[in-house]
Amino acid sequence: MNNIFLTESESSKEEYKKIMKQTVDAVADAFCDSKAYSGPTPQELKALVKEETILPEKGLGWEEVLNQTKNLILPNLLRTSSTDYMPHLHSPATLESIASEVIISTFNQSMDSWDQSPVATEIEVEVIRHLCSLYGYDSKSDGVFTSGGSQSNQTAIILARDWFINTVLKHDVKKFGLPQNFSKLRMYTSEISHFSMEKSAHILGLGYQSVVKVPVDSARRMDFNALKSLVQKDIAQGNIPFLVVATVGTTDFGSIDPIAQIHELCKEHNMWLHADGAYGSGVILSKKYSEKVKDFYLCDSITVDFHKMFLLPISCSAVLIKDGSDFDALTIHADYLNRTEDEEDGYTNLVDKSLQTTRRFDALKVWMSFKERGKDGWSEIITTCMDNARYLYQIIQTNPNFIAVTDPEISSVVFRYTTGKQNGLQDDETNKKVRRTLLHKHGIVIGQTVADGRVCLKFTLLNPLMTHQKLQDLVNLIQTLATN
């Protein structure tokens, strides 16, 4: 049992350094070429990892486990830092944020109570304060780190529901549960918004019926006139509008809903306005493009994901609330955790604001990366990715064999190869074949989606190392594969 943890003993420190060095060497050696993926099919990987047991009677020891990891797992992991990786909102991780993960895991703080995470708690509070300011909130605002965009959105929807039921319907939902007319509650979101809206509605007992999907325009933004009509229709039918979720960067297209117009409608009908900025929140740091997201401050809550445009390791997200007192909806006291007398004496217990109890010190990743790169560094990174999307769009537009679905607003480009003939089904199969050939034969990972009923390809450009020449080469390769 000696040297099972890192402690003050010199022998444990040496063991820790040895294991860390061997691991770092193995990881670095796994980056042996520029491919994003080594190519095995699902069937090949299943056969490769299948074993009688992963819990032997006698432990194999560190050296053998590392050896198996080096041979079996590391070669087949996706290399998200490759410029050949661009299928999803799944970014590479900056070096300083990887270093922060070592600190987070080694010290293993739990962010629920101050006595489990003293300085970590104070750093999260400080990071949240600066994030609120970054997005235009004042000193009344607050926030908390979450596991990802889905949990951030769910938290905001819970707070919106409780705020509306408590203040507008005059019913204490925390004490008495949902009011009798809860089935009439309605929330509005784009028809291409994230699925976490429906999932949250289900979890909250409101059901999918409470989620009204609003049509989008040709730029894939929420159609404001359609939203206005749907709200008026629901009111006329006796339903109760309580929330609009505006998407700032849709998953496929990166489209940005018209927040300023939606804000006016929400004020008129006493609705909460939430911004799902899981993707587009990073645009705030681009000196060139930040004007696109200037209206974040109008929203009652904002989802920010740092494992997308901010290039931090999974998972790292936050939900910011314009009026921090709305977090009261999640507060419940436990004698063993968030004692009242401790809080009166200045001990902050972040469990009061979180759906999670045990939670990682993810704020450290933001703290270290922001300090490391500064405003100029982050502006260059995000602007480069967005400029690359515009360049790719121009290439697609000038090639008669491709159709771009929409002008990119952030850094995603959705397009499809076409023969120009009427047989769309044949083109669909061609696009599917191209994606799989790139994945398994070339180690290039791109996305696939559906737009206007047709199968499309998608480049999600989150890697600032991508070059214009590489984008041109990839388009040429896709055209070659499509015609063979």
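Above this note sits the structure.
These remarks concern the structure in this document. As the structure is a computational prediction, the values presented were derived from the model and not from experiment.

## Details of the sheet that holds strand β1 (residues 85–86)
Then, in step 1: With mixed pairing, the five strands of this open sheet are ordered in space as β1-β11-β12-β10-β9. Across the chains shown, the open sheet's two edge strands, defined by having one partner strand only, are β1 and β9 (402–404).
Then, in step 2: Pairing between β1 and strand β11 (residues 445–451): two bridges, direction parallel. Residue pairing across strands places Tyr 85 opposite Val 445, the latter belonging to β11.
Then, in step 3: Relative to the sheet, helix α12 (residues 363–397) contacts β9, β10 (412–417) and β12 (454–460), its axis offset from that of β9 by approximately 135 degrees.
Then, in step 4: Contacts between helix α13 (residues 424–441) and the sheet are confined to β10, β11 and β12, with β12 contributing the most and set at about 35 degrees to the helix.

## Considering helix α1 (residues 10–30)
Then, in step 1: Under the 1.5 Å per step criterion, the end-to-end length of α1 is 30 Å for 21 residues, consistent within 8% with the ideal 30 Å.
Then, in step 2: Regarding α1, the residues found buried are Ser 12, Ala 26 and Ala 30. End-on, the buried residues of α1 take up no more than an arc of 70 degrees, which puts them together on one face. Turned more than 90 degrees off the buried face of α1, the exposed positions are Glu 10, Lys 17, Lys 21, Val 24 and Asp 29.
Then, in step 3: Lining the buried residues of α1 we find α3 (62–73).

## Notes on the sheet that holds strand β5 (residues 240–247)
Then, in step 1: Spatial strand order, β2-β8-β7-β6-β5-β3-β4: seven strands in an open sheet with mixed pairing. Strands with a single pairing partner mark the edges of an open sheet, and in this sheet they are β2 (142–146) and β4 (211–214). Strand-to-strand twist of the sheet, defined as the mean angle between neighbouring strand axes without regard to direction, takes the value 20 degrees.
Then, in step 2: Strand direction decides the pairing type here: β5 and strand β6 (residues 272–277), joined by five bridges, are parallel. By the bridge assignment for β6, Val 244 is matched with Leu 273.
Then, in step 3: Contacts between helix α5 (residues 118–134) and the sheet are confined to β2 and β8 (317–321), with β2 contributing the most and set at about 115 degrees to the helix.

## Details of the packing of α5 against α12
Then, in step 1: Contact geometry of α5 with α12 gives a least axis separation of 9 Å together with a crossing angle of 60 degrees. Relative to α12, α5 is oriented oblique. Once α5 is placed against α12, the crossing between them reads as left-handed. Residues Ile 123, Glu 124, Val 127 and Leu 131 of α5 form the contact with α12, whose participating residues are Ala 363, Val 366, Trp 367 and Phe 370.
Then, in step 2: Across the contact of α5 with α12, the residue classes break down as seven nonpolar, no polar and one charged.

## Quick look at the environment of Lys 365
Then, in step 1: Considering the arrangement of structural elements, one finds Lys 365 in helix α12.
Then, in step 2: Among the residues examined, Lys 365 registers a relative accessible area of 0% and is labelled buried.
Then, in step 3: The spatial distance from the C-alpha of Lys 365 to the C-alpha of Glu 409 is 27 Å, given a sequence separation of 44 residues.
Then, in step 4: Excluding residues that lie within four positions of it along the chain, Lys 365 makes contacts with Ser 97, Ser 100, Glu 101, Ile 104, Leu 312, Pro 313, Ile 314, Ser 315, Cys 316 and Arg 360.
Then, in step 5: A distance of 2.8 Å separates the side chain of Lys 365 from the side chain of Glu 101, its partner in a polar contact.
Then, in step 6: Within the structure, Lys 365 has its side chain in polar contact with the backbone oxygen of Pro 313 (distance 3.1 Å).

## Topic: the packing of helix α6 (residues 149–167) against helix α8 (residues 196–203)
Then, in step 1: Put simply, α6 and α8 touch, their axes get as near as 9 Å, and they point 50 degrees apart. Our classification of the angle between α6 and α8 gives oblique. Here the hand of the crossing between α6 and α8 comes out right-handed. Packed against α6, whose contacting residues are Ser 150, Asn 153, Gln 154 and Ile 157, the element α8 presents Ser 196, Met 197, Ser 200 and Ile 203 at the interface.
Then, in step 2: Split by residue class, the contact of α6 with α8 holds three nonpolar, five polar and no charged.

## Concerning the pattern of salt bridges
Then, in step 1: Inspection of every chain in the model, using the stated rule, returns 27 salt bridges.
Then, in step 2: Between Lys 18 and Glu 63 there is a salt bridge, with its nearest N and O atoms 3.8 Å apart. Of this pair, Lys 18 sits in helix α1 while Glu 63 sits in helix α3, placing them 45 residues apart in sequence.
Then, in step 3: For Lys 18, a relative accessible area of 34% corresponds to the partly exposed category.
Then, in step 4: Exposure remark for Glu 63: the relative accessible area of 44% places this residue in the partly exposed category.
Then, in step 5: Residues Lys 21 and Asp 25 are paired through a salt bridge, measuring 2.9 Å at the closest nitrogen-oxygen approach. Linking Lys 21 with Asp 25, this pair stays in helix α1, spanning four residues, or about one helical turn.
Then, in step 6: Given a relative accessible area of 54%, Lys 21 falls into the exposed group.

## Side note on the pairing of β11
Then, in step 1: A large share of β11 lies buried, amounting to five of its seven residues.
Then, in step 2: Relative to β12, β11 runs antiparallel, the two sharing five bridges. Residue pairing in the sheet places Val 450 in a bridge with Val 455 of β12.
Then, in step 3: Linking β11 back to β12 in an antiparallel pair, the connection comprises two residues, with Asp 452 at a positive phi of about 55 degrees.

Thresholds, definitions, all that
Residues numbered from 1 in each chain as written. Predicted model: local features only at pLDDT ≥ 70, side-chain atom pairs only at ≥ 80, totals over all residues. Heavy atoms only, no water. Pairing = 2+ DSSP bridges. Helix = DSSP H or I, 4+ residues; strand = E, 2+ residues; numbered from the N terminus. Contact = heavy atoms within 4.5 Å. Axes fitted to C-alpha atoms, helices over the stretch in contact; angles between N-to-C directions. Expected span 1.5 Å × (residues − 1). Buried < 20%, exposed > 50% of the residue type's maximum accessible area, 1.4 Å probe, protein only. Arc of directions from axis to C-beta. Parallel < 35°, antiparallel > 145°, perpendicular 65-115°, else oblique. Left-handed = near helix turned anticlockwise from the far one by under 90°. Nonpolar A, V, L, I, M, F, W, Y, C, P; charged D, E, K, R; others polar. Polar contact = N/O pair within 3.5 Å; in protein donor to acceptor, adjacent residues only side chain to side chain. Salt bridge = Lys/Arg side-chain N within 4 Å of Asp/Glu carboxyl O.

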